[in-house]
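# Analysis of the macromolecular model
One letter stands for each residue in the lines below.
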Amino acid sequence: MKFFIDTANLAQIKEAHDLGILDGVTTNPSLMAKEGIKGEEAIINHYKTICEIVDGDISAEVLSTEFNAIIAEGQKLAAIHPNIVVKVPMIKDGVKAIKWFTDNGIRTNCTLVFSAGQAILAAKAGAAMVSPFIGRIDDSNWDGVELIAQIANIFSIQGYKTEILAASIRSSLHIVKCAEAGADICTCPLDPILGMLKHPLTDIGLAKFLEDAKKM
Ligand code: E4P
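Residues numbered from 1 in each chain as written. Predicted model: local features only at pLDDT ≥ 70, side-chain atom pairs only at ≥ 80, totals over all residues.

The chain appears in an unreviewed UniProt entry as Fructose-6-phosphate aldolase from Pinibacter soli. Entered under Subcellular location (unreviewed entry) in the UniProt record, the comment concerning the chain runs "Cytoplasm". (UniProt positions renumbered as here; feature names shortened; annotations may be inferred.)

Below you can see the structure in the form of structure tokens.
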């Protein structure tokens, strides 16, 4: 399973990259706004900087919701760097746009996916990635990881090439469960990634080894 970091914060992107396990980055309008990125020029420059830090897939989300506007915006984003993946929402014009991008050699990540039916439509349109938001599904008393498993099963039966990008990850356990359920990629904030390092027995064991090393 590939690891993406889900943030527009450059310090966190660098920290995850320095760990040596980072395969890409996802952003969204909320994450960009959180970093105070405003206006077309600033947005484009921010994506350029991210592409300089991480040599992997960088999802850049369109803000438009109408077909022609999505195409125009997606083309601009794709022109920033070959690693840019245009992130398109799961709406009718979004699906049409994903098909257009696919036919024109531009890779897409279909975002805001909450059902297997939506994932099938995105795959049929040729999305490179589909993003089920598992944390938000859990928040509404459904099982987000179960959706990952269902989509993985369908994609395997149908032979769809679209990668399953588990998004809206809230914990280290979510990451482990998504790996188990067949996600190809998980995108998560820095904390759940760093949380995977932790185990009290590791700390106790290391303290003992270091203590005993003094007797060597
Ligand atoms: C996916 O690409 C989204 O950016 C993200 O995972 C949404 O997560 P949230 O539900 O924590 O906002």
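### Description of the pairing of strand 4 (residues 84–89)
The buried count for strand 4 comes to six of six residues, which makes it a mostly enclosed element. The alternating pattern of strand 4 places I84, V86 and V88 and V85, K87 and P89 on opposite faces, both of which are buried. Across four bridges, the pairing between strand 3 (residues 57–61) and strand 4 is parallel. Opposite I58, over in strand 4, you have I84 as the bridge partner. (Buried ≥ 20, exposed ≤ 12 C-beta atoms within 10 Å, placed from the backbone. Helix = DSSP H or I, 4+ residues; strand = E, 2+ residues; numbered from the N terminus. Pairing = 2+ DSSP bridges.)

### Structural notes on helix 6 (residues 116–125)
Turning to helix 6, its buried residues are A119, A122, A123 and A125. The buried residues of helix 6 occupy an angular sector of 160° when the element is viewed end-on, so they sit on one face. The elements touched by buried residues of helix 6 are helix 5 (92–103), strand 5 (108–113), strand 6 (129–132) and helix 8 (144–158). Immediately downstream of helix 6, the backbone of G126 shows phi near 95°, a positive value. (Arc of directions from axis to C-beta. Contact = placed C-beta atoms within 7 Å.)

### Some remarks on the sheet that holds strand 6
An order of 1-2-3-4-5-6-7-8 is seen for the eight strands of this closed barrel, with the pairing classed as parallel. Here the average twist between neighbouring strands, direction ignored, is 30°. Here strand 6 runs beside strand 7 (residues 163–166); their pairing, made up of two bridges, is parallel. Residue pairing in the sheet places V130 in a bridge with I164 of strand 7. (Axes fitted to C-alpha atoms, helices over the stretch in contact; angles between N-to-C directions.)

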